[in-house]
Amino acid sequence: MGKIGFVERLSFKKQLILTFVWIMVLSVICTIITIVIGGIWIAKNTQIRPANSYEKQIPNIIKYVRTEGAAILDPKIRPELEQRIPAEGIRYQVVDTSGTPLYGTLQERQFQNKESLIESLNTTSGGRRNSAFGGMYTRCVPVITAEGDYKGAILLRYKLEVSTAPESGWINFAIVLYFVISPFLYIALFTYLFAGRFGKRIARPVHDLIEASKRIQDQDLDFTVSYKAHNELGMLTESFENMRSALKSSLIREWKLEQERRDMMDAIAHDFRTPMTVIQGNVELLADTPEMPRSQAEGHLKVIEDNIKRVNRLIQDIQVASEKDIEYFPLRSGEVCLQDFLQDKKLEIEYICSSRHAEYSFDFVDLTPNAGGTLFMDVQRVSQVLDNLISNSLRYLPQEGGWIGIRIERHVSALLFEICDNGPGFNDKAMPRLFEKFYRGEKGQSGLGLYTAKIIAEKHGGNIRAYNRQEGGARMTFTIRTQGQPK
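Before going into details, it helps to say that this report is about the structure given with it. (Residues numbered from 1 in each chain as written. Predicted model: local features only at pLDDT ≥ 70, side-chain atom pairs only at ≥ 80, totals over all residues. Heavy atoms only, no water.)

**Describing the layout of surface pockets**
Taken as a whole, the largest pocket encloses approximately 560 Å³ of empty space. Lining the largest pocket are 27 residues, with Lys302, Asp306, Asp340, Phe341 and Asp344 positioned closest to its centre. Those elements that provide at least two residues to the lining of the largest pocket are α8 (294-321), β8 (334-337), α9 (338-355) and α10 (379-395). Among the residues making up the lining of the largest pocket, the classes are represented as seven nonpolar, eight polar and 12 charged. (1 Å grid on protein atoms, 1.4 Å probe; cavity = no way out; pocket = protein on both sides within 12 Å on 5 of 7 lines; lining within 4 Å. Points joined across faces, edges and corners; volume = space filled by probe spheres on them. Helix = DSSP H or I, 4+ residues; strand = E, 2+ residues; numbered from the N terminus. Nonpolar A, V, L, I, M, F, W, Y, C, P; charged D, E, K, R; others polar.)

Here's what the structure looks like:
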């Protein structure tokens with residue numbers, strides 16, 4: 001038993017409370033540090049302007065106006081004039097002799113008539129004496145030509161107050177905004193960090209329990225769940241471990257028997273599928289083609305009859321398998337016309353592949369042309385093996401471009417069957433166990449079907465093998481002896 005840390009000794013409720021306290025404490029500390037550092041930065045880097053900073057610029061502006069004279073009244077000079085008037089601190093308006101605005105940053109008319117304008121010339125108003133301007137000061141400067149003629153005036157309005165430089169104002173605003181949102185940012189950051197750590201502490205035992213559940217489903221009880229803690233997950237893990245130990249001692253036998261029964265029925269149902277599909281296809285063909293010639297119809301009826309016999313044999317197998325092992329079944333071998341057998345199988349394969357939208361090739365090579373047209377075998381059992389291998393290949397073909405190749409070679413005393421496809425092939429680790437009883441690979445291949453095929457091939461004096469093709473896909477071969485007595 002490993003050493004249990006302080007946190008693992010706490011219940012989840014206490015861990016959540018402790019986590020929340022740490023988040024709030026650290027957020028408050030970081031917020032205080034941020035405010036202190038930001039305040040120091042503002043104090044050192046903010047450019048403070050004195051209250052009369054804009055008032056000091058008025059004489060230079062007046063000098064420029066007097067230099068330009070009546071040209072100031074022309075709106076075309078506005079860009080040059082505004083280069084000398086700071087827009088952030090001084091607003092202005094250029095008027096003619098009647099007080100009518102010509103241009104400027106002040107939009108409203110400032111003088112009602114010519115007399116009020118004349119009274120304001122060369123004066124500074126505002127402050128306490130004129131509360132209408134809100135504490136602002138206004139300087140009215142006359143526009144006079146070089147000859148001394150009065151042509152109008154320019155109104156300059158400014159405020160006497162301490163201010164900061166524009167660039168400092170934006171920076172200060174950003175810093176103050178960060179002061180406001182920083183507590184929430186720190187809370188979010190520390191919540192993410194602490195939640196991640198808290199989640200990891202929960203995830204490890206939960207993952208162990210999930211993996212343990214999967215292993216129990218796979219009938220693997222040879223493991224232990226090692227998580228130790230004085231909290232809810234620790235108690236759950238301990239209970240799960242006690243359950244595993246009890247299951248290991250009481251359920252292994254029951255699981256094995258149940259799995260054998262289930263897999264046996266799956267395999268037999270799988271073997272039923274091919275003859276039933278062939279029967280259905282031929283019946284539909286006969287029903288849809290009432291004008292079919294009798295000779296051709298008899299061929300389809302022969303295929304239906306042969307597959308009905310195969311179904312009857314499978315029903316007998318179910319009865320035998322319910323009482324005895326699958327290895328126990330006799331062969332019913334006899335003389336078979338090879339050409340009829342090949343023709344029937346080709347028709348069946350053609351129908352099955354077309355229903356699955358798969359391409360196929362069917363080749364027969366006779367290496368003993370003088371051996372005659374008949375041979376000795378249990379035709380229904382051999383068909384059962386061939387159907388099983390073709391069905392397995394069809395199950396894993398790609399949805400488009402699927403292909404199955406069947407090649408049959410006749411030798412002096414044996415038949416060699418080869419089934420190839422362009423599917424994913426076999427897992428290298430699973431290949432040695434493909435023909436074991438009840439073995440089920442990663443892709444769900446039932447071992448009983450291949451196991452039955454192995455028994456049938458061996459009872460015919462042959463064998464069965466599985467390979468992966470170099471160009472991709474699976475390749476399976478099986479041989480049967482066609483002379484001598486069956487086992």
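Back to the text.
**With respect to the nonpolar core**
Core analysis: the biggest nonpolar cluster contains 38 residues, and Phe417 and Phe478 have the highest contact counts within it. For this core, the elements supplying multiple residues, two or more each, are α9, β10 (374-377), α10, β11 (403-410), β12 (414-421), α11 (447-459), β13 (464-468) and β14 (474-481). Apart from residues no more than four positions distant in its own chain, Phe417 is found in contact with Phe341, Val382, Leu386, Arg407, Ile408, Met476, Thr477, Phe478 and Ile480. (Core = buried A, V, L, I, M, F, W, Y, C linked by side-chain atoms within 4.5 Å. Buried < 20%, exposed > 50% of the residue type's maximum accessible area, 1.4 Å probe, protein only. Contact = heavy atoms within 4.5 Å.)

**Looking at α10**
Under the 1.5 Å per step criterion, the end-to-end length of α10 is 24 Å for 17 residues, consistent within 8% with the ideal 24 Å. Summarising burial for α10: 15 of the 17 residues are buried, a large majority. (Expected span 1.5 Å × (residues − 1).)

**Considering the pairing of β11**
With six of eight residues buried, β11 lies mostly within the body of the structure. The pairing of strand β9 (residues 359-366) with β11 spans eight bridges and is parallel. Its bridge partner lying in β11, Glu359 is registered against Trp403. Relative to β12, β11 runs antiparallel, the two sharing seven bridges. Looking at β12, one finds that Ile404 is bridged to Asp421. (Pairing = 2+ DSSP bridges.)

Nothing here speaks to function; it is geometry throughout.
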